[in-house]
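Coordinates in review
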Amino acid sequence: MTTLKIAIPKGKLQPAISELLEDIGIRLYGDARNYRPGCSDERLDVKLLKGQNIPSLIEIGQHDIGFAGLDWVAEQNADVEVINNLGFNPVRIVACIPEDWDVAELKKRPIIVATEYMNLAKQYLDKQGFDYQLIRSYGATEVFPPEDADMVIDNTSTGTTIKANRLKIIDTVYRSSTQFIANKKTLNNPQKRAIIDDILLLMNGVLNARERVLLEMNCPKSAVSDIVELLPAMRSPTVSELYNSDAYSIRAAIPTKSAPSLIPQLIDAGAVDILELPIRKAI
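So, a few notes on the structure that sits alongside this text. Keep in mind that what you see is a predicted model, and the values were worked out from it rather than measured.

Some words on the sheet that holds strand β16 (residues 272-278)
The strand order β14-β15-β13-β16 describes an open sheet built from four strands, whose pairing is antiparallel. Two strands lie at the open edges of the sheet, namely β14 (238-241) and β16, each paired on one side alone. The average undirected angle you get between the axes of adjacent strands in this sheet is 15°. Pairing between strand β13 (residues 212-220) and β16: five bridges, direction antiparallel.

Some remarks on the environment of Pro 255
With respect to the helices and strands, Pro 255 occurs in strand β15 (residues 247-255). Residue classification places Pro 255 among the partly exposed positions, given a relative accessible area of 21%. Separated by 47 residues in the primary sequence, Pro 255 and Asn 208 place their C-alpha atoms 9.4 Å from one another.

Remarks on helix α5 (residues 118-128)
Turn by turn, an α-helix covers 3.6 residues, leaving residues three or four places apart pointing in a common direction. Of all the positions in α5, only Met 118, Leu 120, Ala 121, Tyr 124 and Leu 125 are classed as buried. Taken end-on, α5 shows its buried residues confined to a sector of 160°, consistent with a single buried face. Across from the buried face of α5, at angles greater than 90 degrees, the exposed residues are Gln 123 and Lys 127. Those residues of α5 hidden inside the fold are in contact with α3 (70-75), β7 (91-98), β8 (111-115), β9 (132-136), β10 (151-156) and β11 (167-176). Once α5 finishes, Gly 129 follows within two positions and takes phi at roughly 80°, a positive value.

Some points on the pairing of strand β5 (residues 65-69)
By the criterion of burial, β5 is predominantly enclosed, with five of the five residues buried. Along β5, one buried face is formed by Ile 65, Phe 67 and Gly 69 and the opposite face, lined by Gly 66 and Ala 68, is buried too. When strand β1 (residues 4-9) meets β5, the two strands line up parallel, connected through two bridges. Counterpart to Ile 6 in the pairing with β5 is Ile 65. Examined bridge by bridge, β5 and strand β12 (residues 178-182) share five bridges and lie antiparallel to one another. Residue pairing for β12: Gly 66 is matched across the bridge by Ile 181.

Things to note about the nonpolar core
Counting 27 residues, the largest nonpolar core has Phe 67 and Ile 199 as its most contacted members. Taken together, the elements giving at least two residues each to this core come down to β1, α1 (14-23), β4 (44-49), β5, β12 and α8 (190-210). Examining the composition of this core, we find that seven residues originate from one element, α8, more than from any other. Setting aside anything within four residues of it in sequence, one finds Phe 67 in contact with Ile 6, Ala 7, Ile 8, Pro 9, Ile 17, Leu 21, Ile 54, Leu 86, Thr 178, Gln 179, Phe 180 and Met 203. Membership of the second largest hydrophobic core comes to 17 residues, among which are Cys 219, Tyr 248, Leu 262 and Ala 271.

Analysis parameters
- Residues numbered from 1 in each chain as written.
- Predicted model: local features only at pLDDT ≥ 70, side-chain atom pairs only at ≥ 80, totals over all residues.
- Heavy atoms only, no water.
- Pairing = 2+ DSSP bridges.
- Helix = DSSP H or I, 4+ residues; strand = E, 2+ residues; numbered from the N terminus.
- Axes fitted to C-alpha atoms, helices over the stretch in contact; angles between N-to-C directions.
- Buried < 20%, exposed > 50% of the residue type's maximum accessible area, 1.4 Å probe, protein only.
- Arc of directions from axis to C-beta.
- Contact = heavy atoms within 4.5 Å.
- Core = buried A, V, L, I, M, F, W, Y, C linked by side-chain atoms within 4.5 Å.

Okay, here's the thing in structure tokens:
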């Protein structure tokens, strides 16, 4: 039997990825401290790793597929295939200095820059014309200024930690979110590629479903055209005649964000008995 080695980041990304896998029918189980969880799909050999290690390990073929932030793929210049942008954990890699400092003044003298992103930082600082010395941080990068560094280049999702440490963002260096990636040689293996395609099909079905809800409603025949015109369905709404009645039932999968404003319009157009239902997969 063909087996795929899959790497999942240990930490804050793990719950979202585990939930996605469970939604497509792949359940992980075992002790929370276990780095080699069991898997309900016997075709998958799962290992939990630090997210920063995953792109390079997939590049050299230690694992076939996995999940990693695009920032770490770019930082390591990892030669892997990005096969799906999951959009989880969107972050910015930003350049920050103390809130009362002037960036123009920093360009006039040598500076010290602390970062975990040595390559992305170098590319940015060279492009911006700074005279700099890089020091690698190992977490808590924001605590370096002003005593130990003049600038930090770090990731942020909300900017709260940056503000709490009296720093200000002067530029966005890179944008990132979680990616589903694969080893390029693995994709050339027909048996392994078939498993990946199956996972990708179901994964996209779940991700599409998360952005939609199913609306069902009844209406008189005279209102059908007006209601159908309002509905932003995936293809076109399903319209069927109700049993032993001159009324109709209409069903459509619509973007979740449209539902609050759309439902009052549907009522005005003649819809009644409206149901809003979750969708597990949309393929």
